[in-house]
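Topology and contacts: notes
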Amino acid sequence: MHRLILIISSLVSLILGCSHSSKQPEKKNIALVAHKVEEPQYNRYWNDLARFLAGLPPLEGSVLDSI
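Here we summarise the structure given alongside this text. (Residues numbered from 1 in each chain as written. Predicted model: local features only at pLDDT ≥ 70, side-chain atom pairs only at ≥ 80, totals over all residues. Heavy atoms only, no water.)

1. Topic: the overall build of the protein chain
The following threshold applies: The helix and strand labels rest on DSSP assignments: H or I over at least four residues marks a helix, E over at least two residues marks a strand, and numbering proceeds from the N terminus. Partly exposed describes any residue whose relative accessible area lies between the buried limit of under 20% and the exposed limit of over 50%, with all areas from a 1.4 Å probe on protein chains only and scaled to the type maximum. All accessible areas in this document rest on Shrake-Rupley with a 1.4 Å probe, and a residue is counted as covered only by the protein chains that are shown.
Helix and strand counts for the protein chain come out as 2 helices and 0 strands. Counting across all 67 residues of the protein chain, residues that qualify as buried make up 6%. About 6600 Å² of surface is accessible on the protein chain, with carbon and sulfur atoms providing 62% of the total.

Here it is as structure tokens:
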């Protein structure tokens, strides 16, 4: 039982401790780009991995699609 708790806590620490993309988008003049809405940048790998571990089907273009 203690090994299971240790393994789970290690996995959670590993996932939470991994670096992620922290790039801040450049601040632009809102008047010039009011018509253009940019989607936020994120590391898609972790979303794909979470979906795989949850048993959800992969999204289109997933890096884990072949698993």
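2. Some remarks on the pattern of salt bridges
We count it as follows: Salt bridges are counted wherever a side-chain nitrogen of Lys or Arg sits within 4 Å of a carboxyl oxygen of Asp or Glu.
Evaluation of the coordinates by the stated rule reveals 1 salt bridge. One salt bridge in this structure joins arginine 44 and aspartate 48, with 3.5 Å as the shortest N-O distance. One end of the pair is arginine 44 and the other is aspartate 48, both in helix H2 (residues 44-54) and 4 residues apart, which spans about a single turn. Accessibility expressed as a relative area gives 30% for arginine 44, which makes it partly exposed.

3. Description of the side chain of serine 62
Defined as follows: N or O atoms within 3.5 Å of each other form a polar contact, as long as, within protein, one can give a hydrogen and the other can take it, and as long as residues adjacent in sequence are counted only when both atoms are side-chain atoms. Contacts: residue pairs with any heavy atoms within 4.5 Å of one another.
Secondary-structure assignment places serine 62 in the segment after H2. One polar contact links serine 62 to aspartate 48, side chain to side chain, over a distance of 3.3 Å. Not counting residues up to four positions away in its chain, the partners in contact with serine 62 are Arg44 and Asp48.

4. Description of a nonpolar patch on the surface
Let me state the cut-off plainly: The patch calculation keeps residues exceeding 30% relative accessible area without a salt bridge and links them within 9 Å when they carry like charges or within 5 Å when they are nonpolar (Val, Leu, Ile, Met, Phe, Trp, Tyr).
A cluster of nonpolar side chains, namely Met1, Leu4, Ile5, Ile8, Val12, Ile15, Leu16, Phe52, Leu53 and Ile67, defines an oily patch on the protein surface of about 1100 Å² accessible area. Elements with a contribution of two residues or more to the nonpolar patch: helix H1 (2-17) and H2.

5. Details of the side chain of aspartate 48
Using a relative accessible area of 4% as the deciding quantity, one classes aspartate 48 as buried. Not counting the four nearest positions on each side in its chain, aspartate 48 is found in contact with Ser62, Val63 and Leu64.

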